[in-house]
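# Structural features, examined
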Amino acid sequence: MQLVSVWNPKGGQGKSLIAINLSAAAVELGLKPLVVCDDPQGTATLFSRGGRLSFDVVEKMPAKKPNADLVIIDHGARDWDLPPAPIVLMPTKPDRSDIATYQDAVSLLRPTGKKVIPIITDAQGHRASHARAVRAMRKIGAFELRSSGVYGRAAEDWMSIFDPSLNTAYKVGERRSEFSAILTAVLNLQNQPGQFAAEVA
Ligand SMILES: Nc1ncnc2c1ncn2[C@@H]1O[C@H](COP(=O)(O)OP(=O)(O)O)[C@@H](O)[C@H]1O
Ligand SMILES: [Mg+2]
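Position numbers for residues count from 1 along each chain, tracking the sequence in the order it is written. Chains carry letters and ligands carry numbers; both start at the beginning, A for chains and 1 for ligands, and go up in the order they are written. Restriction of local features to residues with pLDDT of at least 70 applies here, the model being predicted, together with a cutoff of 80 or more for giving and counting side-chain atom pairs; totals for whole chains, interfaces and linings are based on all residues. Side-chain metrics in this entry use all non-hydrogen atoms of the structure; hydrogen atoms and water are not considered.

## Thoughts on the overall build of the chain
- Helix and strand labels come from DSSP, where a helix needs a run of H or I of at least four residues and a strand needs a run of E of at least two; each type is numbered from the N terminus. Along its length, the chain carries six helices and seven strands.
- Counting from the amino terminus, helix and strand elements in the chain follow one another as β-α-β-α-β-β-β-α-β-α-β-α-α.
- Note on method: radius of gyration uses C-alpha positions; expected globular size equals 2.2 Å times residues raised to 0.38. For 201 residues, the compact-globule formula gives about 17 Å, and the C-alpha radius of gyration of the chain, at 16 Å, lands near that figure.
- For the chain, the C-alpha atoms occupy an extent of roughly 40 × 40 × 30 Å along the three principal directions.
- The contact criterion used throughout is that any non-hydrogen atoms of two residues lie within 4.5 Å. Here the analysis covers contacts within the chain between residues at least 6 apart in sequence; of these, 75% occur between residues at least 24 apart.
- When the accessible surface of the chain is totalled, it reaches about 9,800 Å², and 50% of it is carbon and sulfur.
- Averaging the locations of the 24 positively and 20 negatively charged side chains of the chain gives two centres separated by 4 Å. In these tables, accessible area is a Shrake-Rupley quantity obtained with a 1.4 Å probe, and a residue counts as shielded only by the protein chains included in the view. A positive count includes Lys and Arg, and a negative count includes Asp and Glu. His and the chain ends are not counted in either. Charged groups are reduced to one reference atom each: NZ for lysine, CZ for arginine, CG for aspartic acid, CD for glutamic acid.

What follows is the structure in structure tokens.
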């Protein structure tokens, strides 16, 4: 069983979106994921209650080892406590203030030796400042979740973007591939020592 935290103390960076959609990507691969909604706002729990997710969401880390291949903790905003998982997915949006908080948070992780997977979310390609942020994040090996309206459509019905009803949505295949790539990295990382150098130069 692999334990992953999705962590960034700033709200609105894409943590819940990643917890939900990465889990859905894992189901596509035949894995059994479990989301732990560690956020008082309860976004992942709302998705689970309202919709038709193909995996479970629980509100507390199970006391006993859960029957799951992949446990993804969706952390809340303003949570500056170091995340418990050995692998930490760190999404950031591209605005300067977002990147600044990301830097502060990632520097806390550095001494822990945890493996960090940086992710840049929701960058509008036509904005120069966003393009710069994407380039800087790419240099440190970040994954990219491009800005897309499909997330809004999915959220309206508390679905992941892997829901079959979105099969004909604009470029949904590309958006799904972005999650499959992150999932592959997570699954490969468990066998690798060391961590990413995740600070943006
Ligand atoms: N790549 C993206 N394209 C479009 N919207 C995005 C993208 N990434 C994040 N968002 C939107 O940003 C908002 C905040 O995302 P959320 O996952 O709730 O953040 P957090 O859990 O970090 O607070 C949501 O409305 C989400 O749909
Ligand atoms: Mg959230």
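Additional details are given in the paragraphs that follow.
## Considering the side chain of Asp-163
- With respect to the helices and strands, the residue Asp-163 is situated in the loop between helix 5 (150-156) and helix 6 (172-189).
- Polar side-chain contacts of Asp-163 include one of 2.8 Å to the side chain of Ser-165.
- Dropping the residues within four chain positions of it, Asp-163 is found in contact with Arg-52 and Arg-176. Polar contact criterion, stated in full: a pair of N or O atoms within 3.5 Å, where within protein one must be able to donate a hydrogen and the other to accept it, and residues adjacent in sequence count only if both atoms are side-chain atoms.

## Concerning the nonpolar core
- Definition of nonpolar core: a set of buried residues of the types Ala, Val, Leu, Ile, Met, Phe, Trp, Tyr and Cys, connected through side-chain atoms within 4.5 Å. Whether a residue is buried, partly exposed or exposed follows from its accessible area with a 1.4 Å probe, protein chains only, as a fraction of its type maximum: under 20%, in between, or over 50%, in that order. Ranked by internal contacts, the top residues of the largest apolar core, which has 38 residues, are Ile-18, Leu-22, Leu-89, Ile-117, Ile-161 and Phe-179.
- Residues within four places of Phe-179 in sequence aside, it is in contact with Leu-17, Ile-18, Asn-21, Leu-22, Ala-25, Leu-145, Tyr-151, Ile-161 and Phe-162.
- By size, the runner-up hydrophobic cluster in this structure holds 16 residues, among which are Val-88, Tyr-102, Ala-133 and Ile-140.

## Some details on the environment of His-130
- Within the secondary structure, His-130 is located in helix 4 (residues 128-139).
- You can call His-130 buried: its relative accessible area is 4%.
- Each residue touching His-130, except ones within four places of it in the same chain, is listed here: Pro-94, Asp-95, Asp-122, Ala-123 and Gln-124.

## Details of the site of ligand 1
- Near ligand 1, the surroundings consist of 15 residues, among which Gly-12, Lys-15, Ser-16, Leu-17 and Lys-93 are the closest.
- Coverage of ligand 1 by the protein amounts to 75% of the 560 Å² it exposes when considered alone.
- Take the shell around ligand 1: its biggest share by element is three residues, from helix 1 (residues 15-28).
- All residues other than Ala, Val, Leu, Ile, Met, Phe, Trp, Tyr, Cys, Pro, Asp, Glu, Lys and Arg, Gly among them, are scored as polar; the first ten of these are nonpolar and the last four charged. For the shell around ligand 1, the residue count by class is three nonpolar, eight polar and four charged. Throughout this document, a residue counts as near a molecule or strand when at least one of its heavy atoms sits within 4 Å of that molecule or strand.

## As for helix 3 (residues 96-109)
- To estimate how far a helix should reach, multiply one less than its number of residues by 1.5 Å. Spanning 14 residues, helix 3 covers 20 Å between terminal C-alpha atoms, matching the ideal 20 Å at 1.5 Å per step.
- All of the buried residues along helix 3 are Asp-98, Ile-99, Thr-101, Tyr-102, Ala-105, Val-106 and Leu-109. Buried residues of helix 3, seen end-on, are gathered within an arc of 160° and therefore sit on one face of the element.
- Tucked inside the fold, the buried residues of helix 3 contact strand 5 (87-92), strand 6 (115-121) and helix 4. The directions from the helix axis to the C-beta atoms form the arc being described.

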